Amino acid sequence: VIVVLIVISAVVFGLTLKSAFESTFLSRCEKFDQYDCKKVWDAFQQAYVNKDPCKVPVEAYDPLIAAAPFKPQCNRMMFWSKTKDVVHGFTEKRDCFVTLEDTLLGSVLDGLTWCGKEGSKDTNTTGCPGWSDCENNTVRSFWIRASAAFADVACGNVTAMLNGSINTPFNPTSIFASVEVPRFIASRVKNLNVVMVIQKNNISNCTDPYLKNLTQALDKGITYSCKDVPESQIQECGAKPEIACGDCW
Ligand code: C8R
C-alpha cells in the first residue's frame, strides 16, 4: 500500500511540478506588469515543444512576439554587437537607454538555453544544439526573431555600441548587421549613432573601413554618426547619476 501511495504521489507531483526552467521564465516574467505570463509561456512553448531542436524556424516564434509585443521607445533604443557586458553594465545602473534585455522577452530568456525533442512535451536545458551547430536551432531562431521585432519598432535617434577591440566591429554575420540594421527604416529612424567602445589596446575605431558596409546598408535618409568612447568613460557615466544621459559621451 505504501509503495502504491508513493508511486501515485510521485506521479501527481511530477505532473504538477514546474520545471526549474518554467519557474525561472515565470518569475522573470512576473516582474513586468500588464502581461499574462501563463499565456506568454504557452506561446513560447508552442514554438519548439515536440520538435527537432534543429528544425525550429525563426517564424515559429511569431505567436510569442504577438503575445508580448515590443513598444517603441523613440530616442532611447540601444543596440549592440560584441559589447554585451559594457552595455548592460551601463543600462543596469542608468535609465538612459532601452535594450532588448530590458523588455519582457529579452529579460526572460537572457542567458538561458532551451530546446524540445520530437515525441516529448518537455523543455530541455541540456543537450541542446549550440549556436552554430545547425541553422534553425531553438535558441538562435528566438534571438533572430526577437531582435527583428525590436529593430522593427526602432525610432528617432538610435544608438549602437560596437567593439573597438576586435577586427570586425561591424560583422556581417552578427545579428546586429544581418537582422537589425536592415530593418531600420528612414520613415521611423532619424539617425544611427555608433558608440565605438575603446579599450587600451583597441584595434578598430570610427575610421574602420568596415564601417563603410554599415553606412551603405543604412536606409537612405537615415543619418549616421560615430564616436570613439573609452570604456572607462561609459563606466564612469554609469556610476555618476549626476551626469545627464546626453552628456555621457
Ligand atoms: N540580441 C542578440 N543576441 C542576444 C541578445 C540580444 O539582445 N541578448 C542575448 N543574451 N543574446 P553578439 P549580435 C545572445 O554576437 O549577434 C540583439 C545570443 O545568444 O555580441 O550582433 C540585440 O538587440 C547571441 O548568441 O551580437 C543586439 O543589438 C549573442 O548574445 C544584437 O541583437 C549575440 O551577441 C546583438 O547581436
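Here the structure is shown first, and the text comes after it.
Residues numbered from 1 in each chain as written. Predicted model: local features only at pLDDT ≥ 70, side-chain atom pairs only at ≥ 80, totals over all residues. Heavy atoms only, no water.

Colleague: Please explain the packing of aromatic side chains as it appears in this structure.
Modeller: Any two aromatic rings considered together are summarised by their centre-to-centre distance and by the angle between their planes. Inspection of every chain in the model, using the stated rule, returns 19 aromatic pairs. Plain terms: the ring middles of tyrosine 61 and phenylalanine 142 are 5.5 Å apart, the flat faces sit at 75 degrees to each other, and that makes the pair edge-to-face. Of this pair, tyrosine 61 sits in the loop between helix 3 (37–46) and helix 4 (62–67) while phenylalanine 142 is found in helix 7 (residues 138–152), placing the two residues 81 residues apart along the sequence. On the accessibility criterion, phenylalanine 142 (0% relative accessible area) is buried. Aromatic rings pair up to connect Phe21, Phe25, Trp41, Phe44, Tyr48, Tyr61, Trp114, Phe142 and Trp143 into one cluster. (Phe/Tyr/Trp six-rings, centres within 6.5 Å; stacked < 30°, edge-to-face > 60°. Helix = DSSP H or I, 4+ residues; strand = E, 2+ residues; numbered from the N terminus. Buried < 20%, exposed > 50% of the residue type's maximum accessible area, 1.4 Å probe, protein only.)

Colleague: Could you clarify how one ought to interpret the nonpolar core in this entry?
Modeller: It is characteristic of soluble globular proteins that their nonpolar side chains tend to be buried jointly. With 59 residues, the main nonpolar core has Phe44, Tyr48, Phe79, Leu109, Trp114 and Phe184 as its most contacted residues. In terms of residue count, the dominant contributor to this core is helix 7 (eight residues). Apart from the residues lying within four places of it in its own chain, the contact partners of tryptophan 114 are Phe21, Phe44, Tyr48, Tyr61, Leu109, Thr123, Asn124, Cys128, Thr138, Val139 and Phe142. Ranked by size, the runner-up nonpolar core spans 14 residues in total, among them Val86, Cys96, Val229 and Cys248. (Core = buried A, V, L, I, M, F, W, Y, C linked by side-chain atoms within 4.5 Å. Contact = heavy atoms within 4.5 Å.)

Colleague: In this structure, what is going on with the state of the cysteines? I would like to understand it.
Modeller: Any covalent bond linking the sulfur atoms of two cysteines counts as a disulfide. Applying the stated rule across the entire model yields seven disulfides. Paired through a disulfide, cysteine 29 and cysteine 37 show a sulfur-sulfur distance of 2.0 Å. Taking the sign of the S-S torsion, about -90 degrees here, the bridge from cysteine 29 to cysteine 37 comes out left-handed. Residues cysteine 29 and cysteine 37 agree in their burial class; the two are buried. The disulfide partner of cysteine 96 is cysteine 245, and the gap between their sulfur atoms is 2.1 Å. Between cysteine 96 and cysteine 245 the disulfide shows an S-S torsion of about -80 degrees. By sign, it is left-handed. (Disulfide = S-S within 2.5 Å.)

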